[in-house]
Amino acid sequence: MLAEALEHLVRGIVDSPDDVSVRSRDGRRGQTLEVRVHPDDLGRVIGRSGRTAKALRTVVSALASGENVRVDVVDTDRRR
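Residues numbered from 1 in each chain as written. Predicted model: local features only at pLDDT ≥ 70, side-chain atom pairs only at ≥ 80, totals over all residues. Heavy atoms only, no water.

1. A word on a nonpolar patch on the surface
To keep it simple, the criterion reads: Put simply, a patch holds well-exposed residues, over 30% relative accessible area, that have no salt bridge, with like charges counted together within 9 Å and Val, Leu, Ile, Met, Phe, Trp or Tyr side chains within 5 Å. Working definition of accessibility: Shrake-Rupley area with a 1.4 Å probe, residue cover restricted to the visible protein chains. By convention in these notes, a salt bridge is any Lys or Arg side-chain nitrogen within 4 Å of a carboxyl oxygen on Asp or Glu. Numbering of helices and strands runs from the N terminus, with a helix taken as a DSSP run of H or I at least four residues long and a strand as a DSSP run of E at least two residues long. For each residue, the accessible area found with a 1.4 Å probe, counting protein chains only, is set against the maximum for its type, and the residue is called buried under 20%, exposed over 50%, and partly exposed in between.
A cluster of nonpolar side chains, contributed by Met-1, Leu-9, Val-59 and Leu-63, occupies part of the molecular surface with about 360 Å² of accessible area. Structurally, Leu-63 can be placed in helix 3 (residues 51-64). Judged by relative accessible area, which is 37%, Leu-63 ranks as partly exposed.

2. Focus: unusual backbone geometry
One non-glycine residue, Ser-49, lies in the positive phi region at around 55°. Topologically, Ser-49 is positioned in the loop between helix 2 (42-46) and helix 3. Positive phi values are uncommon outside glycine, yet Ser-65 reaches one of about 45°. Along the chain, the position of Ser-65 falls in the loop between helix 3 and strand 3 (69-74). You can call Ser-65 exposed: its relative accessible area is 62%.

Following this line, the structure appears as structure tokens:
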């Protein structure tokens, strides 16, 4: 549910919504949501001084209702 909600929010921000993908991984520290977007939209998702990314993390944390969830915006140029 959290991955779908985050994907919906990010698709509303970017210029290339078809290139948005959110991957969920479970680890020792809880759930991690990895957001991948088109390289041209990376700045839009992070925002000025990281404000947009921080707001996305705040919304996801509120939806998680106490669960430990981490949101990572992954730079697609560096994934390989």
